[in-house]
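Understanding the architecture of this molecule
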Amino acid sequence: MQRDLPAVLIPEATIQARVQALAREISADYRDAGAEEVLLVGVLRGAFIFLADLSRRMTVPRRVDFVMCSTYGGGTEPGSVTLVMDLRSDVRGTHILIVEDIVDTGRTLQFLTKALAARGPASLKTCAFVRKPDRVQVPVPLDYLGFDLPDVWVVGYGLDCGDFHRTLPYLGTVPTH
Ligand code: IMP
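An account of the accompanying structure is given in this report. Note that this is a predicted model, so its numbers are computed, not measured.

1. A short note on the packing of helix α1 (residues 12-32) against helix α2 (residues 48-57)
- Where α1 contacts α2, the two axes come as close as 8 Å, and the packing angle between them is 50°. Relative to α2, the element α1 lies oblique. Read as a crossing pair, α1 and α2 show a hand that is right-handed. Note on element contacts: α2 touches α1 through F50, D53, L54 and R57, opposite Q16, V19, Q20, L22, A23 and I26.
- Taken together, the residues of the contact of α1 with α2 break down into six nonpolar, two polar and two charged.

Shown next as structure tokens:
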């Protein structure tokens, strides 16, 4: 099953065109806001390809850093998120753009926005490659979005299924197990 190529949901050319448009929109917004520099905070591991493409197409000064989160499905607080890898530097006074692969329940992005907002950034915005609107359980402030998806498991363009298929250039679907 894992060796079969997933069915195409969003083709590579469509993704690349959307990422280009997002990069242009984001750059224009920060330029208009007078931001001297933006810190792109990629959420590992799924956002690494989206962040790579987006950041190379942006035209405002930018730096890149990463965080990694972990979600606990069981225990007393199902779905609670913790930070397992933090940013390298203090972000007080920094313009932060969180770059996330997918908004599923929304818990990861909700957790991260709260955690980073508490550090006193100059501004805090969010960008997700894809979102599953039917699955979102908590309110997530999303400033930029690539695509809305149906409630299916997607792989490729950084997203995985059991660590497979992350490096596919398109967004595909795999049968749910
Ligand atoms: P959240 O539920 O919005 O906090 O998302 C949690 C994480 O679940 C995401 O960052 C992804 O790593 C993972 N995830 C949710 N849906 C998918 C999917 O369709 N494909 C791959 N990963 C997914």
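2. Looking at the environment of D65
- Structurally, the position occupied by D65 is in strand β3 (residues 62-72).
- D65 sits 38 residues away from S27 along the chain, and the two C-alpha atoms are 18 Å apart.

3. Things to note about the sheet that holds strand β5 (residues 95-103)
- One open sheet holds the six strands; their spatial order is β4-β3-β2-β5-β6-β7, and the pairing between them is mixed. Only two strands of the sheet have a single partner each, and these edge strands are β4 (80-85) and β7 (144-148). Direction aside, neighbouring strands of the sheet carry axes that sit 25° apart on average.
- Contacts from α1 reach β2 (38-44), β5, β6 (123-131) and β7 within the one sheet, and its direction differs from that of β7 by about 160°.
- Packed on one face of the sheet, helix α3 (residues 107-117) meets β2, β3, β4, β5 and β6 and runs near 165° to β5.

4. Concerning the site of the ligand
- Not every one of the 14 residues close to the ligand is listed here, only the nearest: T105, G106, T108, K132 and V154.
- Between the ligand and D101, the relevant distance is 3.4 Å, taken from an oxygen atom to a side-chain nitrogen or oxygen of the residue.
- Side-chain polar atom of W153 to a nitrogen atom of the ligand: 3.4 Å apart, as the coordinates give it.
- Here the element with the most residues in the shell around the ligand is β5; it accounts for three residues.
- Grouping the constituent residues of the shell around the ligand by class yields six nonpolar, three polar and five charged.

5. Here's the deal with unusual backbone geometry
- With omega at 0°, the peptide bond leading from L44 into R45 counts as cis.
- Note on placement: R45 falls in the loop between β2 and α2.
- Residue Y157 is not a glycine yet carries a positive backbone phi of 50°.
- Within the element layout of this structure, Y157 appears in the loop between β8 (154-155) and β9 (171-173).
- Since its relative accessible area comes to 2%, Y157 is described here as buried.
- Although it is not a glycine, D163 adopts a positive phi angle of roughly 75°.
- When you line up the elements, D163 lands in the loop between β8 and β9.
- Taking relative accessible area as the criterion, D163 reaches 45% and is therefore assigned partly exposed.

Thresholds, definitions, all that
- Residues numbered from 1 in each chain as written.
- Predicted model: local features only at pLDDT ≥ 70, side-chain atom pairs only at ≥ 80, totals over all residues.
- Heavy atoms only, no water.
- Axes fitted to C-alpha atoms, helices over the stretch in contact; angles between N-to-C directions.
- Helix = DSSP H or I, 4+ residues; strand = E, 2+ residues; numbered from the N terminus.
- Parallel < 35°, antiparallel > 145°, perpendicular 65-115°, else oblique.
- Left-handed = near helix turned anticlockwise from the far one by under 90°.
- Contact = heavy atoms within 4.5 Å.
- Nonpolar A, V, L, I, M, F, W, Y, C, P; charged D, E, K, R; others polar.
- Pairing = 2+ DSSP bridges.
- Near = heavy atom within 4 Å.
- Polar contact = N/O pair within 3.5 Å; in protein donor to acceptor, adjacent residues only side chain to side chain.
- Buried < 20%, exposed > 50% of the residue type's maximum accessible area, 1.4 Å probe, protein only.

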